[in-house]
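# Structural overview for review
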Amino acid sequence: QVQLVESGGGLVQAGGSLRLSCAASGRDISRSDMGWFRQAPGKEREFVAAITTGAHTAYPDSVKGRFTISRDNAKNTVYLQMNSLKTEDTAVYYCAARYYGRSGSLSDQLQYAYWGQGTQVTVSS
């Protein structure tokens, strides 16, 4: 059984930083592209970051330069370092593991087979 467990969320002031972790079990993430998505209240879930098995990364313009995704295959864990946080970054953040062998857009949620339960990030002004 595959499980993805996010941690590291919390309350932070605007301009601050947080580091999210996603620990995987039941799946070797070294073989998976991994992604982070978020969903704010009343909004659709959106793409935040992705990292391929070859360590290629992708970000939307809204977080580029502020967020960094990384992976530690030995620990079967993916991270999301978030700096210069803004109030509009407030959301539940989800980790996801992509289907093996997919080649479509990294930002497409349908490409991802497994999802974590999410961790809340709240940025206050």
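As shown above, the structure is provided for reference.
Given the structure is predicted, the values throughout are model-derived calculations rather than measurements. (Residues numbered from 1 in each chain as written. Predicted model: local features only at pLDDT ≥ 70, side-chain atom pairs only at ≥ 80, totals over all residues. Heavy atoms only, no water.)

## Examining the side chain of Asp 89
- Here Asp 89 is to be found in the loop between β8 (77–82) and β9 (91–98).
- Discounting chain neighbours no more than four positions away, the residues touching Asp 89 are Arg 38, Arg 66, Phe 67, Ser 84, Val 121 and Val 123. (Helix = DSSP H or I, 4+ residues; strand = E, 2+ residues; numbered from the N terminus. Contact = heavy atoms within 4.5 Å.)

## Re the state of the cysteines
- Taken as a whole and assessed by the stated rule, the structure comprises one disulfide.
- One disulfide bridge connects Cys 22 with Cys 95, the sulfur atoms lying 2.0 Å from each other. With the S-S bond torsion at -75 degrees, the cross-link from Cys 22 to Cys 95 turns out left-handed. Of this pair, Cys 22 sits in strand β3 (residues 18–25) while Cys 95 is found in strand β9, placing the two residues 73 residues apart along the sequence. Across the pair, Cys 95 and Cys 22 agree in class, each one buried. (Disulfide = S-S within 2.5 Å. Buried < 20%, exposed > 50% of the residue type's maximum accessible area, 1.4 Å probe, protein only.)

## Structural notes on the pairing of strand β4 (residues 34–39)
- The buried fraction of β4 is high, at five of six residues.
- Two strands pair when backbone bridges link them, and β4 and strand β5 (residues 46–51) are joined in this way by five bridges, in the antiparallel orientation. When the bridges of β5 are listed, Phe 37 appears paired with Phe 47.
- Hairpin connection between β4 and β5: a loop of six residues separates the two successive antiparallel strands, and Gly 42 in this loop has a positive phi of roughly 75 degrees. (Pairing = 2+ DSSP bridges.)

## Regarding the packing of aromatic side chains
- As enumerated under the stated definition, the model contains four aromatic pairs in all.
- Seen from their ring centres, Phe 37 and Tyr 112 are 5.1 Å apart, and the 80 degrees between their planes marks the pair as edge-to-face. Of this pair, Phe 37 sits in strand β4 while Tyr 112 sits in strand β10 (residues 112–115), and the two are 75 residues apart along the sequence.
- On the basis of relative accessible area, Phe 37 is assigned to the buried category, the value being 0%.
- Members of the aromatic cluster, connected to one another through ring pairs, are Phe 37, Phe 47, Tyr 112 and Trp 115.
- The positively charged end of Arg 27 is found above the aromatic ring belonging to Tyr 100, 3.9 Å away from the centroid.
- Between Arg 45 and the ring centre of Trp 115, over which it is positioned, the NZ or CZ distance is 3.8 Å. (Phe/Tyr/Trp six-rings, centres within 6.5 Å; stacked < 30°, edge-to-face > 60°. Lys NZ or Arg CZ within 6 Å of the ring centre and 35° of its normal.)

## Digging into the environment of Gly 26
- Mapped onto the secondary structure, Gly 26 falls in the loop between β3 and β4.
- Overall, Gly 26 belongs to the exposed group, its relative accessible area being 61%.
- The spatial distance from the C-alpha of Gly 26 to the C-alpha of Gln 3 is 6.4 Å, given a sequence separation of 23 residues.
- When sequence neighbours within four positions are dropped, the list of residues in contact with Gly 26 reads Gln 1 and Val 2.

Honestly, that's just the spatial picture; any functional story needs more than this.
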